[in-house]
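A closer look at the structure
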Amino acid sequence: MSTFNILKREDVSANNQAIFDNLNKALGFVPNLYATYANSDTALENYLTFANAKTSLSAKEKEVVNLAVSQVNDCIYCLSAHTAIGKMNGFTDAQILELRAGFSTVNEKFDALAKLAKNITENRGKTDQDVLENYFNAGYTKGNLIDTISLVGDKTISNYIHSTTQVPVDFPVAPPLELETI
């Protein structure tokens, strides 16, 4: 198997060097997954443009989707990163575990959104109609649906990049999801 080393600033194109500089200013470091995107001269910029584009979803709603999708795709890197980001957005540890499992007991809209994101990911876009109706009944619109599907695609790309490259996780590692069985 090919090994993916973590690229440093001097290893990447001039365009990616500028992005690394901006990431260092904004975050204090360049996340390993972003450095992996920089193996391409264009992918990191394209990804960040897409990930930071306008959306009808709030920051918290984006984390609901990111957590549910990353759990289905079993991406420990993205689960770890979005657990940290979810906490920064006000979710508790227990709420994060629920969202990863594809539901919420504390917020009807987050519950519908998590169920939809999980369902879309598990079924590769062949969404169950009951899940979709529940999403609309929770107050989401067709525009929100398109933004949600776009975010599922965005997160799936990162999940697949990490699953293929296995670069080290540079966030506190998310705990395993242990669902109660009855």
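Let me sum up the structure you'll find in this document. Computed from a predicted model, the values in this text were never measured in an experiment.

Brief notes about the overall build of the protein
Across its full length, the protein holds 9 helices and 0 strands. A principal-axis box enclosing the C-alpha atoms of the protein has dimensions of 50 × 35 × 30 Å. Expressed as a percentage of its 182 residues, the buried residues of the protein come to 43%. When contacts within the protein are restricted to residue pairs at least 6 apart in sequence, those whose partners lie at least 24 apart make up 67%. Counting every atom, the protein has about 9800 Å² of accessible surface; 53% of that belongs to carbon and sulfur. Separation of charge centres in the protein, based on 15 positive and 21 negative side chains, amounts to 3 Å.

A closer look at unusual backbone geometry
Residues other than glycine seldom take positive phi values, yet Arg-124 does so here, at roughly 50°. Note that Arg-124 resides in the loop between α7 (108-122) and α8 (129-137). For Arg-124, a relative accessible area of 74% gives the class exposed. One non-glycine residue with positive phi stands out, namely Gln-166, at about 55°. On the secondary structure map, Gln-166 appears in the segment after α9 (142-165).

What about the nonpolar core?
Grouped together as the largest cluster of nonpolar side chains are 24 residues, with contacts concentrated most on Val-64, Val-65, Leu-99, Leu-116 and Tyr-135. Sorting the residues of this core by element identifies α4 (59-72), α6 (93-101), α7, α8 and α9 as the ones contributing at least two each. Residue contributions to this core peak at 7 residues, all from α7. Setting aside residues no more than four positions away along its own chain, Val-65 makes contact with Leu-113, Ala-117, Thr-148, Leu-151 and Val-152. One finds Leu-7, Tyr-37, Tyr-47 and Leu-48 within the second-largest nonpolar core, a separate group that totals 20 residues.

A look at the side chain of Gln-17
By secondary structure assignment, the location of Gln-17 is in helix α1 (residues 14-27). Polar contacts involving the side chain of Gln-17 include one to the main-chain carbonyl oxygen of Val-12, which spans 3.3 Å. Look past the residues within four positions of Gln-17 in its chain and what remains in contact with it is Arg-9, Glu-10 and Val-12.

Examining the state of the cysteines
The final tally for this structure, using the stated rule, is 0 disulfides. No disulfide involves Cys-75; its sulfur sits 3.6 Å from that of Cys-78, the nearest cysteine. Using a relative accessible area of 0% as the deciding quantity, one classes Cys-75 as buried. By relative accessible area, Cys-78 is classed as buried at 2%.

Conventions and cut-offs
- Residues numbered from 1 in each chain as written.
- Predicted model: local features only at pLDDT ≥ 70, side-chain atom pairs only at ≥ 80, totals over all residues.
- Heavy atoms only, no water.
- Helix = DSSP H or I, 4+ residues; strand = E, 2+ residues; numbered from the N terminus.
- Buried < 20%, exposed > 50% of the residue type's maximum accessible area, 1.4 Å probe, protein only.
- Contact = heavy atoms within 4.5 Å.
- Areas by Shrake-Rupley, 256 points an atom, 1.4 Å probe, with all protein chains shown as cover.
- Lys, Arg positive; Asp, Glu negative; His and termini not counted.
- Charge placed at Lys NZ, Arg CZ, Asp CG, Glu CD.
- Core = buried A, V, L, I, M, F, W, Y, C linked by side-chain atoms within 4.5 Å.
- Polar contact = N/O pair within 3.5 Å; in protein donor to acceptor, adjacent residues only side chain to side chain.
- Disulfide = S-S within 2.5 Å.

The values reported here are purely geometric and, on their own, carry no functional implication.
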